[in-house]
Amino acid sequence: MVKGGKTVSSPALQFKITPNANPLPEAERLKAFEHLGFGTLFSDHMALIRWSADRGWHSAEITARAPFSIDPASAVLHYAQEIFEGLKAYHAADGRTVLFRPEENARRFNASARRLAMPELPEQDFLAAVENLVRTDAKWIPDGEGSLYVRPFMFANEAFLGVRPAKEYIFCVICSAVGPYFKGGEKPITIWVSEGYTRAAIGGTGATKCGGNYAGSLVAQAEAYANGCDQVVFLDAAERRSVEELGGMNVFFVMTDGTIVTPPVAGTILPGITRKSLIQLAREDGMTVEERHYTFAEWQADAVSGKLKEAFACGTAAVVACIGAVKHNGGEFRIGDGQTGPVTTRLRTALVDIQRGKTADRHGWVRVIDGI
Ligand code: PLP
Ligand code: COI
(Lines give C-alpha, C1' and ligand atoms only; values in the text may rest on other atoms or scores of the structure.)
(Ligands and ions follow the chains in the order given, each with its own letter.)
Protein backbone atom coordinates (compact mmCIF):
# COMPACT_ATOMS: atom_id res chain seq x y z
CA MET A 1 0.00 0.00 0.00
CA VAL A 2 1.40 3.42 -0.91
CA LYS A 3 0.62 6.31 1.46
CA GLY A 4 2.05 9.77 0.99
CA GLY A 5 4.71 8.32 -1.31
CA LYS A 6 5.91 5.82 1.30
CA THR A 7 5.39 2.08 0.92
CA VAL A 8 3.94 0.51 4.04
CA SER A 9 3.03 -3.14 4.38
CA SER A 10 -0.57 -3.71 5.37
CA PRO A 11 -1.29 -5.43 8.69
CA ALA A 12 -3.05 -8.81 8.39
CA LEU A 13 -6.84 -8.63 8.52
CA GLN A 14 -8.59 -10.09 11.57
CA PHE A 15 -11.57 -12.32 10.77
CA LYS A 16 -14.75 -12.12 12.80
CA ILE A 17 -16.15 -15.66 12.97
CA THR A 18 -19.92 -16.10 13.34
CA PRO A 19 -20.97 -19.75 13.26
CA ASN A 20 -23.94 -20.77 11.08
CA ALA A 21 -26.94 -21.17 13.40
CA ASN A 22 -28.51 -23.73 11.05
CA PRO A 23 -25.76 -25.97 9.68
CA LEU A 24 -26.76 -28.97 7.59
CA PRO A 25 -27.42 -31.85 10.00
CA GLU A 26 -24.59 -34.39 10.08
CA ALA A 27 -26.78 -37.26 8.85
CA GLU A 28 -27.77 -35.23 5.76
CA ARG A 29 -24.19 -34.23 5.08
CA LEU A 30 -22.94 -37.80 5.29
CA LYS A 31 -25.79 -38.96 3.05
CA ALA A 32 -24.85 -36.32 0.47
CA PHE A 33 -21.21 -37.52 0.65
CA GLU A 34 -22.35 -40.90 -0.71
CA HIS A 35 -22.89 -39.47 -4.22
CA LEU A 36 -20.38 -36.72 -4.70
CA GLY A 37 -20.28 -34.98 -8.05
CA PHE A 38 -18.74 -31.60 -8.75
CA GLY A 39 -19.90 -28.24 -7.50
CA THR A 40 -23.41 -28.88 -6.23
CA LEU A 41 -22.94 -29.54 -2.52
CA PHE A 42 -21.90 -26.47 -0.54
CA SER A 43 -20.56 -26.14 2.98
CA ASP A 44 -22.16 -24.14 5.81
CA HIS A 45 -19.99 -21.02 5.76
CA MET A 46 -18.32 -18.48 3.53
CA ALA A 47 -15.50 -16.00 3.94
CA LEU A 48 -16.09 -12.36 3.06
CA ILE A 49 -13.84 -9.33 2.77
CA ARG A 50 -14.93 -5.98 1.41
CA TRP A 51 -12.93 -3.33 -0.42
CA SER A 52 -13.74 0.26 -1.08
CA ALA A 53 -11.62 2.98 -2.59
CA ASP A 54 -11.65 5.00 0.63
CA ARG A 55 -11.15 2.16 3.17
CA GLY A 56 -9.19 -0.49 1.27
CA TRP A 57 -9.74 -4.07 2.51
CA HIS A 58 -11.95 -4.28 5.57
CA SER A 59 -14.72 -6.20 7.37
CA ALA A 60 -13.17 -9.68 7.06
CA GLU A 61 -15.46 -12.37 8.36
CA ILE A 62 -16.46 -16.02 8.29
CA THR A 63 -20.21 -16.26 8.33
CA ALA A 64 -23.13 -18.50 7.34
CA ARG A 65 -23.21 -19.14 3.59
CA ALA A 66 -26.10 -17.03 2.31
CA PRO A 67 -27.29 -15.27 -0.87
CA PHE A 68 -25.95 -11.81 -1.68
CA SER A 69 -28.23 -8.85 -1.98
CA ILE A 70 -26.92 -6.93 -4.98
CA ASP A 71 -28.02 -3.64 -6.52
CA PRO A 72 -29.29 -4.20 -10.08
CA ALA A 73 -26.75 -1.58 -11.19
CA SER A 74 -23.83 -3.48 -9.61
CA ALA A 75 -20.94 -3.25 -12.07
CA VAL A 76 -20.32 -6.99 -12.17
CA LEU A 77 -23.80 -7.61 -13.59
CA HIS A 78 -23.07 -5.34 -16.54
CA TYR A 79 -19.36 -5.38 -17.27
CA ALA A 80 -18.30 -8.74 -15.77
CA GLN A 81 -15.48 -7.42 -13.60
CA GLU A 82 -15.01 -10.73 -11.78
CA ILE A 83 -12.15 -13.14 -11.12
CA PHE A 84 -11.88 -16.43 -9.27
CA GLU A 85 -9.59 -19.24 -8.14
CA GLY A 86 -9.91 -22.95 -7.46
CA LEU A 87 -7.97 -25.10 -5.01
CA LYS A 88 -8.65 -28.14 -2.87
CA ALA A 89 -8.40 -29.13 0.80
CA TYR A 90 -7.76 -32.77 1.68
CA HIS A 91 -7.60 -35.05 4.66
CA ALA A 92 -4.01 -36.24 4.43
CA ALA A 93 -3.06 -39.84 5.15
CA ASP A 94 -1.74 -38.84 8.60
CA GLY A 95 -4.99 -37.08 9.56
CA ARG A 96 -3.82 -33.53 8.96
CA THR A 97 -5.88 -31.12 6.86
CA VAL A 98 -3.90 -29.76 3.95
CA LEU A 99 -4.08 -27.42 0.96
CA PHE A 100 -2.07 -27.86 -2.21
CA ARG A 101 0.11 -24.86 -3.18
CA PRO A 102 -2.42 -22.20 -2.06
CA GLU A 103 0.26 -19.51 -2.28
CA GLU A 104 0.27 -20.08 -6.05
CA ASN A 105 -3.47 -19.45 -6.15
CA ALA A 106 -3.03 -16.27 -4.11
CA ARG A 107 -0.38 -15.05 -6.57
CA ARG A 108 -2.41 -15.94 -9.64
CA PHE A 109 -5.47 -14.28 -8.11
CA ASN A 110 -3.56 -11.03 -7.90
CA ALA A 111 -2.27 -11.42 -11.45
CA SER A 112 -5.92 -11.76 -12.51
CA ALA A 113 -6.84 -8.75 -10.35
CA ARG A 114 -4.21 -6.59 -12.07
CA ARG A 115 -5.43 -7.58 -15.53
CA LEU A 116 -9.06 -6.85 -14.61
CA ALA A 117 -8.16 -3.51 -12.98
CA MET A 118 -9.23 -4.75 -9.54
CA PRO A 119 -7.51 -4.23 -6.17
CA GLU A 120 -4.94 -6.85 -5.19
CA LEU A 121 -5.63 -8.77 -1.99
CA PRO A 122 -2.47 -9.26 0.12
CA GLU A 123 -1.47 -12.94 -0.11
CA GLN A 124 -1.60 -13.30 3.67
CA ASP A 125 -5.28 -12.23 3.66
CA PHE A 126 -6.17 -14.54 0.76
CA LEU A 127 -4.56 -17.44 2.65
CA ALA A 128 -6.16 -16.47 5.96
CA ALA A 129 -9.62 -16.33 4.34
CA VAL A 130 -9.14 -19.80 2.82
CA GLU A 131 -7.65 -21.31 5.99
CA ASN A 132 -10.22 -19.81 8.37
CA LEU A 133 -13.04 -21.05 6.17
CA VAL A 134 -11.63 -24.56 5.74
CA ARG A 135 -10.96 -24.74 9.48
CA THR A 136 -14.57 -23.69 10.19
CA ASP A 137 -15.98 -26.17 7.64
CA ALA A 138 -13.43 -28.96 8.15
CA LYS A 139 -16.17 -31.54 8.62
CA TRP A 140 -17.17 -30.85 5.02
CA ILE A 141 -13.97 -32.46 3.73
CA PRO A 142 -15.08 -35.90 2.56
CA ASP A 143 -13.00 -38.97 3.37
CA GLY A 144 -11.64 -41.26 0.68
CA GLU A 145 -11.38 -40.04 -2.90
CA GLY A 146 -13.33 -36.83 -2.36
CA SER A 147 -12.02 -33.41 -1.42
CA LEU A 148 -13.21 -29.94 -0.50
CA TYR A 149 -13.07 -27.65 -3.51
CA VAL A 150 -12.37 -24.10 -2.39
CA ARG A 151 -13.56 -21.27 -4.63
CA PRO A 152 -12.25 -17.78 -3.82
CA PHE A 153 -13.68 -15.05 -6.05
CA MET A 154 -13.98 -11.29 -6.25
CA PHE A 155 -16.46 -9.07 -8.03
CA ALA A 156 -17.09 -5.39 -8.62
CA ASN A 157 -20.04 -4.27 -6.52
CA GLU A 158 -20.43 -0.57 -7.15
CA ALA A 159 -23.84 0.61 -8.36
CA PHE A 160 -22.62 2.60 -11.35
CA LEU A 161 -23.19 2.19 -15.07
CA GLY A 162 -20.22 4.17 -16.37
CA VAL A 163 -17.48 1.98 -17.82
CA ARG A 164 -14.42 2.25 -15.55
CA PRO A 165 -12.90 0.12 -12.76
CA ALA A 166 -15.36 -0.03 -9.87
CA LYS A 167 -14.70 1.59 -6.51
CA GLU A 168 -16.19 -1.24 -4.43
CA TYR A 169 -15.50 -4.98 -4.44
CA ILE A 170 -16.49 -8.09 -2.54
CA PHE A 171 -14.00 -10.93 -2.05
CA CYS A 172 -15.69 -14.17 -1.06
CA VAL A 173 -14.68 -17.80 -0.58
CA ILE A 174 -17.11 -20.71 -0.71
CA CYS A 175 -16.46 -24.45 -0.43
CA SER A 176 -17.98 -27.46 -2.14
CA ALA A 177 -17.49 -31.10 -1.20
CA VAL A 178 -16.58 -32.76 -4.49
CA GLY A 179 -15.95 -36.08 -6.13
CA PRO A 180 -14.89 -36.53 -9.76
CA TYR A 181 -15.28 -33.60 -12.16
CA PHE A 182 -16.39 -35.80 -15.03
CA LYS A 183 -19.51 -37.93 -14.75
CA GLY A 184 -17.59 -41.00 -15.93
CA GLY A 185 -15.14 -40.68 -13.03
CA GLU A 186 -11.66 -41.75 -14.16
CA LYS A 187 -12.84 -43.09 -17.51
CA PRO A 188 -11.00 -41.57 -20.49
CA ILE A 189 -12.69 -38.45 -21.83
CA THR A 190 -13.54 -37.42 -25.38
CA ILE A 191 -12.59 -33.95 -26.53
CA TRP A 192 -14.25 -31.68 -29.09
CA VAL A 193 -11.92 -29.44 -31.10
CA SER A 194 -13.48 -26.02 -31.51
CA GLU A 195 -12.55 -24.74 -34.95
CA GLY A 196 -15.17 -22.00 -35.04
CA TYR A 197 -14.79 -20.43 -31.60
CA THR A 198 -11.60 -19.30 -29.89
CA ARG A 199 -10.97 -18.62 -26.22
CA ALA A 200 -8.29 -15.97 -25.93
CA ALA A 201 -6.35 -13.58 -28.13
CA ILE A 202 -2.90 -12.11 -27.56
CA GLY A 203 -3.28 -9.15 -25.21
CA GLY A 204 -6.61 -10.44 -23.96
CA THR A 205 -7.54 -12.11 -20.69
CA GLY A 206 -6.71 -15.74 -21.53
CA ALA A 207 -4.01 -16.01 -18.86
CA THR A 208 -6.35 -14.87 -16.11
CA LYS A 209 -9.13 -16.66 -14.28
CA CYS A 210 -11.89 -14.19 -15.03
CA GLY A 211 -15.48 -15.33 -15.35
CA GLY A 212 -15.75 -13.76 -18.81
CA ASN A 213 -13.32 -16.32 -20.26
CA TYR A 214 -15.67 -19.08 -19.20
CA ALA A 215 -18.81 -17.26 -20.40
CA GLY A 216 -17.20 -16.99 -23.82
CA SER A 217 -16.35 -20.69 -23.85
CA LEU A 218 -19.83 -21.99 -23.05
CA VAL A 219 -21.18 -22.06 -26.58
CA ALA A 220 -18.17 -24.14 -27.64
CA GLN A 221 -18.66 -26.38 -24.60
CA ALA A 222 -22.31 -26.80 -25.63
CA GLU A 223 -21.10 -27.79 -29.10
CA ALA A 224 -18.84 -30.36 -27.46
CA TYR A 225 -21.78 -31.86 -25.53
CA ALA A 226 -23.94 -31.85 -28.68
CA ASN A 227 -21.22 -33.90 -30.36
CA GLY A 228 -21.06 -36.40 -27.52
CA CYS A 229 -17.83 -35.00 -26.02
CA ASP A 230 -16.90 -34.21 -22.42
CA GLN A 231 -14.87 -31.05 -22.98
CA VAL A 232 -13.82 -28.58 -25.63
CA VAL A 233 -10.25 -27.82 -26.67
CA PHE A 234 -9.41 -24.45 -28.20
CA LEU A 235 -6.92 -23.55 -30.92
CA ASP A 236 -4.96 -20.28 -30.97
CA ALA A 237 -7.01 -17.27 -32.01
CA ALA A 238 -4.47 -15.84 -34.46
CA GLU A 239 -4.03 -18.78 -36.83
CA ARG A 240 -6.34 -21.47 -35.44
CA ARG A 241 -3.51 -23.96 -35.75
CA SER A 242 -1.89 -24.54 -32.34
CA VAL A 243 -3.62 -26.39 -29.56
CA GLU A 244 -4.04 -24.10 -26.55
CA GLU A 245 -6.07 -25.60 -23.72
CA LEU A 246 -9.46 -26.97 -22.76
CA GLY A 247 -12.32 -24.89 -21.39
CA GLY A 248 -11.14 -25.55 -17.83
CA MET A 249 -7.91 -27.59 -18.04
CA ASN A 250 -4.43 -27.59 -19.54
CA VAL A 251 -3.40 -30.32 -21.96
CA PHE A 252 -0.39 -32.65 -22.29
CA PHE A 253 0.73 -35.05 -25.04
CA VAL A 254 2.97 -38.10 -24.45
CA MET A 255 5.02 -39.37 -27.39
CA THR A 256 6.28 -42.90 -28.08
CA ASP A 257 9.84 -41.92 -27.14
CA GLY A 258 8.57 -40.71 -23.75
CA THR A 259 8.81 -37.00 -24.56
CA ILE A 260 5.97 -34.93 -23.14
CA VAL A 261 4.69 -31.89 -25.01
CA THR A 262 2.49 -29.16 -23.58
CA PRO A 263 1.57 -25.73 -25.01
CA PRO A 264 3.63 -22.85 -23.58
CA VAL A 265 2.09 -20.32 -21.23
CA ALA A 266 2.57 -17.17 -23.23
CA GLY A 267 -0.41 -14.99 -22.39
CA THR A 268 -3.34 -16.81 -23.93
CA ILE A 269 -3.62 -19.90 -21.72
CA LEU A 270 -4.07 -20.19 -18.00
CA PRO A 271 -0.79 -20.96 -16.18
CA GLY A 272 -2.17 -23.99 -14.39
CA ILE A 273 -0.76 -24.94 -11.00
CA THR A 274 -1.39 -28.60 -11.79
CA ARG A 275 0.40 -28.11 -15.13
CA LYS A 276 3.42 -26.51 -13.46
CA SER A 277 3.56 -29.23 -10.80
CA LEU A 278 3.33 -32.06 -13.34
CA ILE A 279 6.07 -30.55 -15.50
CA GLN A 280 8.35 -30.46 -12.46
CA LEU A 281 7.46 -34.00 -11.36
CA ALA A 282 7.99 -35.35 -14.88
CA ARG A 283 11.38 -33.65 -15.24
CA GLU A 284 12.49 -34.87 -11.82
CA ASP A 285 11.49 -38.35 -12.96
CA GLY A 286 13.89 -38.03 -15.90
CA MET A 287 11.27 -37.30 -18.56
CA THR A 288 11.77 -34.67 -21.23
CA VAL A 289 9.05 -32.03 -21.21
CA GLU A 290 8.82 -29.65 -24.14
CA GLU A 291 6.76 -26.51 -23.64
CA ARG A 292 6.11 -25.74 -27.27
CA HIS A 293 3.41 -25.13 -29.81
CA TYR A 294 1.72 -28.29 -31.01
CA THR A 295 -0.62 -27.92 -33.95
CA PHE A 296 -3.91 -29.67 -34.46
CA ALA A 297 -2.47 -31.03 -37.74
CA GLU A 298 0.47 -32.59 -35.82
CA TRP A 299 -1.93 -33.97 -33.24
CA GLN A 300 -3.97 -35.74 -35.91
CA ALA A 301 -0.91 -37.00 -37.79
CA ASP A 302 0.82 -38.24 -34.60
CA ALA A 303 -2.31 -40.02 -33.38
CA VAL A 304 -2.73 -41.76 -36.74
CA SER A 305 0.97 -42.69 -37.11
CA GLY A 306 1.13 -43.96 -33.53
CA LYS A 307 3.84 -41.43 -32.53
CA LEU A 308 1.40 -40.02 -29.97
CA LYS A 309 0.75 -42.56 -27.25
CA GLU A 310 -1.18 -40.69 -24.58
CA ALA A 311 -2.83 -37.35 -23.97
CA PHE A 312 -4.30 -35.96 -20.79
CA ALA A 313 -6.07 -32.90 -19.43
CA CYS A 314 -5.17 -31.51 -16.01
CA GLY A 315 -6.43 -29.00 -13.51
CA THR A 316 -7.49 -28.68 -9.89
CA ALA A 317 -11.06 -29.80 -10.54
CA ALA A 318 -10.28 -32.53 -13.07
CA VAL A 319 -6.92 -33.60 -11.54
CA VAL A 320 -5.42 -35.67 -14.43
CA ALA A 321 -7.88 -37.06 -16.99
CA CYS A 322 -6.88 -39.28 -19.89
CA ILE A 323 -8.04 -38.04 -23.31
CA GLY A 324 -9.07 -41.20 -25.14
CA ALA A 325 -10.54 -39.76 -28.31
CA VAL A 326 -10.86 -36.50 -30.22
CA LYS A 327 -13.72 -35.31 -32.42
CA HIS A 328 -13.83 -32.38 -34.82
CA ASN A 329 -15.84 -31.12 -37.75
CA GLY A 330 -13.92 -33.32 -40.17
CA GLY A 331 -14.08 -36.60 -38.22
CA GLU A 332 -12.54 -38.21 -35.17
CA PHE A 333 -9.48 -40.11 -34.01
CA ARG A 334 -8.36 -42.16 -31.06
CA ILE A 335 -5.20 -41.68 -29.02
CA GLY A 336 -3.20 -44.86 -28.42
CA ASP A 337 -5.60 -47.60 -27.41
CA GLY A 338 -8.01 -45.03 -25.99
CA GLN A 339 -7.23 -46.14 -22.43
CA THR A 340 -5.32 -44.41 -19.64
CA GLY A 341 -1.63 -45.01 -20.39
CA PRO A 342 1.30 -45.62 -18.05
CA VAL A 343 2.76 -42.09 -18.13
CA THR A 344 -0.61 -40.50 -17.37
CA THR A 345 -1.11 -42.95 -14.51
CA ARG A 346 2.40 -42.41 -13.15
CA LEU A 347 2.13 -38.63 -13.13
CA ARG A 348 -1.39 -38.68 -11.72
CA THR A 349 -0.32 -40.97 -8.88
CA ALA A 350 2.80 -38.92 -8.13
CA LEU A 351 0.70 -35.74 -7.87
CA VAL A 352 -2.22 -37.17 -5.92
CA ASP A 353 0.12 -38.91 -3.47
CA ILE A 354 1.71 -35.57 -2.63
CA GLN A 355 -1.65 -33.78 -2.42
CA ARG A 356 -3.02 -36.41 -0.06
CA GLY A 357 0.13 -36.72 2.02
CA LYS A 358 0.87 -40.30 0.96
CA THR A 359 4.42 -39.42 -0.06
CA ALA A 360 6.94 -37.03 1.40
CA ASP A 361 6.36 -33.42 0.44
CA ARG A 362 9.87 -32.81 -0.90
CA HIS A 363 8.86 -29.60 -2.62
CA GLY A 364 7.03 -27.87 0.24
CA TRP A 365 3.83 -27.84 -1.82
CA VAL A 366 1.54 -28.94 0.99
CA ARG A 367 0.30 -26.35 3.49
CA VAL A 368 -1.03 -27.75 6.71
CA ILE A 369 -4.03 -26.01 8.28
CA ASP A 370 -3.44 -26.12 11.99
CA GLY A 371 -6.01 -26.09 14.74
CA ILE A 372 -8.24 -28.82 13.29
N1 PLP B 1 -7.03 -23.87 -17.74
C2 PLP B 1 -8.22 -23.35 -17.42
C3 PLP B 1 -8.95 -22.56 -18.43
C4 PLP B 1 -8.75 -23.58 -16.14
O5 PLP B 1 -9.94 -23.08 -15.81
C6 PLP B 1 -8.01 -24.34 -15.21
C7 PLP B 1 -8.53 -24.57 -13.87
O8 PLP B 1 -8.28 -23.87 -12.96
C9 PLP B 1 -6.76 -24.84 -15.60
C10 PLP B 1 -6.31 -24.60 -16.87
C11 PLP B 1 -5.91 -25.60 -14.64
O12 PLP B 1 -5.39 -24.76 -13.65
P13 PLP B 1 -5.03 -25.31 -12.21
O14 PLP B 1 -4.18 -26.51 -12.44
O15 PLP B 1 -4.31 -24.21 -11.55
O16 PLP B 1 -6.31 -25.66 -11.57
C1 COI C 1 -10.53 -25.56 -11.53
O2 COI C 1 -10.03 -26.61 -11.91
O3 COI C 1 -10.34 -25.11 -10.39
C4 COI C 1 -11.37 -24.73 -12.42
O5 COI C 1 -11.62 -23.61 -12.10
C6 COI C 1 -11.87 -25.29 -13.68
C7 COI C 1 -13.31 -25.42 -13.80
C8 COI C 1 -13.56 -26.34 -14.98
C9 COI C 1 -14.02 -25.94 -12.61
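Reading the values: rules and limits
- Residues numbered from 1 in each chain as written.
- Chains lettered and ligands numbered in written order.
- Predicted model: local features only at pLDDT ≥ 70, side-chain atom pairs only at ≥ 80, totals over all residues.
- Heavy atoms only, no water.
- Helix = DSSP H or I, 4+ residues; strand = E, 2+ residues; numbered from the N terminus.
- Buried < 20%, exposed > 50% of the residue type's maximum accessible area, 1.4 Å probe, protein only.
- Axes fitted to C-alpha atoms, helices over the stretch in contact; angles between N-to-C directions.
- Parallel < 35°, antiparallel > 145°, perpendicular 65-115°, else oblique.
- Left-handed = near helix turned anticlockwise from the far one by under 90°.
- Contact = heavy atoms within 4.5 Å.
- Nonpolar A, V, L, I, M, F, W, Y, C, P; charged D, E, K, R; others polar.
- Near = heavy atom within 4 Å.
- Polar contact = N/O pair within 3.5 Å; in protein donor to acceptor, adjacent residues only side chain to side chain.
- Areas by Shrake-Rupley, 256 points an atom, 1.4 Å probe, with all protein chains shown as cover.
- Domains from an automatic or database assignment.
- Salt bridge = Lys/Arg side-chain N within 4 Å of Asp/Glu carboxyl O.
- Expected span 1.5 Å × (residues − 1).
- pLDDT = per-residue confidence, 0-100.
- Pairing = 2+ DSSP bridges.
- Core = buried A, V, L, I, M, F, W, Y, C linked by side-chain atoms within 4.5 Å.
- Phe/Tyr/Trp six-rings, centres within 6.5 Å; stacked < 30°, edge-to-face > 60°.
- Lys NZ or Arg CZ within 6 Å of the ring centre and 35° of its normal.

A word on unusual backbone geometry
Although it is not a glycine, Ser59 adopts a positive phi angle of roughly 55°. Here Ser59 is to be found in strand 5 (residues 56–64). The exposure class of Ser59 is partly exposed, given its relative accessible area of 40%. Backbone geometry places Ala80, a non-glycine residue, at a positive phi of 60°.

Describing the packing of helix 3 (residues 102–115) against helix 4 (residues 123–136)
Two elements in contact, helix 3 and helix 4, have axes separated by 9 Å at closest approach and are oriented at 125°. Considering their axes alone, helix 3 and helix 4 lie oblique with respect to each other. Pair helix 3 / helix 4 crosses with right-handed handedness. Contact residues: helix 3 offers Pro102, Glu103, Asn105, Ala106, Arg107, Phe109 and Asn110, while helix 4 offers Glu123, Phe126 and Leu127. Here the contact of helix 3 with helix 4 is built from residues that sort into 5 nonpolar, 2 polar and 3 charged.

As for the site of ligand 2
Near ligand 2 you find Phe38, Phe84, Gly86, Tyr149, Arg151, Tyr181, Lys209, Gly248, Thr316 and Ala317, and these make up its full shell. Residue Tyr149 places a side-chain N or O atom 2.5 Å away from an oxygen atom belonging to ligand 2. Across the complex, the protein chains shield 90% of the 280 Å² of accessible surface that ligand 2 would expose by itself. Across the shell around ligand 2, the residue classes break down as 5 nonpolar, 3 polar and 2 charged. When residues of the shell around ligand 2 are assigned to domains, at least three fall in each of domain 1 (16–181 + 360–368) and domain 2 (189–339).

Let's talk about the domain arrangement of the protein
Looking at the protein, the domain boundaries give domain 1 (16–181 + 360–368) and domain 2 (189–339). For domain 1 and domain 2, the distance between their C-alpha centres works out to 27 Å. On the domain 2 side, the residues contacting the 21 residues of domain 1 number 23 residues. Linking domain 1 to domain 2 there are 2 salt bridges. Residue Glu104 is joined to Lys276 by a salt bridge in which the shortest nitrogen-to-oxygen separation is 3.0 Å. Scanning the region where domain 1 abuts domain 2 turns up 11 residue pairs in polar contact (both at pLDDT 80 or more). Of all the elements in the fold, those that place two or more residues in the side of domain 1 that touches domain 2 are strand 6 (82–84), strand 7 (87–91) and helix 3. With 5 residues, the top contributor of residues to the side of domain 1 that touches domain 2 is helix 3.

Brief notes about helix 4
Because an α-helix completes one turn every 3.6 residues, residues spaced three or four positions apart along the sequence face the same direction. Look at helix 4: 20 Å from first C-alpha to last across 14 residues, which is about the 20 Å you get at 1.5 Å a residue. Of the residues making up helix 4, those classed as buried are Asp125, Phe126, Leu127, Ala129, Val130, Glu131, Asn132, Leu133 and Val134.

Some remarks on the environment of Arg292
Tracing the backbone through its elements, the reader meets Arg292 in the loop between strand 16 (289–291) and helix 7 (296–305). In this structure the C-alpha to C-alpha distance between Arg292 and Pro264, which are 28 residues apart in sequence, comes to 5.3 Å. The residues contacting Arg292, other than those within four sequence positions of it, are Val261, Thr262, Pro263, Pro264 and Glu298. Polar contacts involving the side chain of Arg292 include one to the side chain of Glu298, which spans 3.4 Å.

Description of the environment of Ser176
One can find Ser176 in strand 10 (residues 168–178). Taking the relative accessible area as the measure of exposure, Ser176 reaches 4% and is therefore buried. In this structure, the C-alpha to C-alpha distance between Ser176 and Ser43, residues 133 residues apart in sequence, is 5.9 Å. Among residues more than four places away in sequence, those in contact with Ser176 are Gly39, Thr40, Leu41, Phe42, Ser147, Leu148 and Tyr149. There is a polar contact of 3.0 Å between the side chain of Ser176 and the backbone oxygen of Leu41.

Here's the deal with the confidence of the model for the protein
With 98% of its residues at a pLDDT of at least 70, the protein reaches an overall mean of 96. Confidence over residues 1–7 falls short of pLDDT 50; this stretch has 5 contacts with residues more than four positions distant or in other chains.

Topic: the pairing of strand 8 (residues 97–100)
On strand 8, burial covers both faces: Thr97 and Leu99 on one face and Val98 and Phe100 on the other are all buried. By the bridge criterion, 3 bridges tie strand 7 to strand 8 in an arrangement that is antiparallel. Paired with Tyr90 across the bridge in strand 8 is Val98. Direction of pairing for strand 8 relative to strand 20 (residues 366–369): antiparallel, over a ladder of 4 bridges. Bridge pairing in strand 20 places Leu99 opposite Arg367.

Considering the nonpolar core
Grouped together as the largest cluster of nonpolar side chains are 42 residues, with contacts concentrated most on Ile49, Val134, Met154 and Phe171. Here this core gets 6 residues from one element, more than from any other, and that element is helix 4. In this view, Phe171 contacts Ala47, Leu48, Ile49, Trp57, Phe109, Leu121, Phe126, Ala129, Pro152, Phe153 and Met154; residues no more than four positions away in its chain are not counted. Counting residues in each nonpolar core, the second largest holds 26 residues, with Leu235, Leu246, Phe253 and Trp299 among its members.

Concerning the packing of aromatic side chains
Counted by the stated rule, this structure contains 18 aromatic pairs. With centroids separated by 5.0 Å and ring planes inclined at 75°, the aromatic side chains of Phe253 and Trp299 adopt a geometry described as edge-to-face. Remark: Trp299 occurs in helix 7 and Phe253 occurs in strand 14 (residues 250–255); sequence separation between them is 46 residues. When the ring centre of Trp140 is taken as reference, the NZ or CZ atom of Arg29 above it lies at 5.8 Å.

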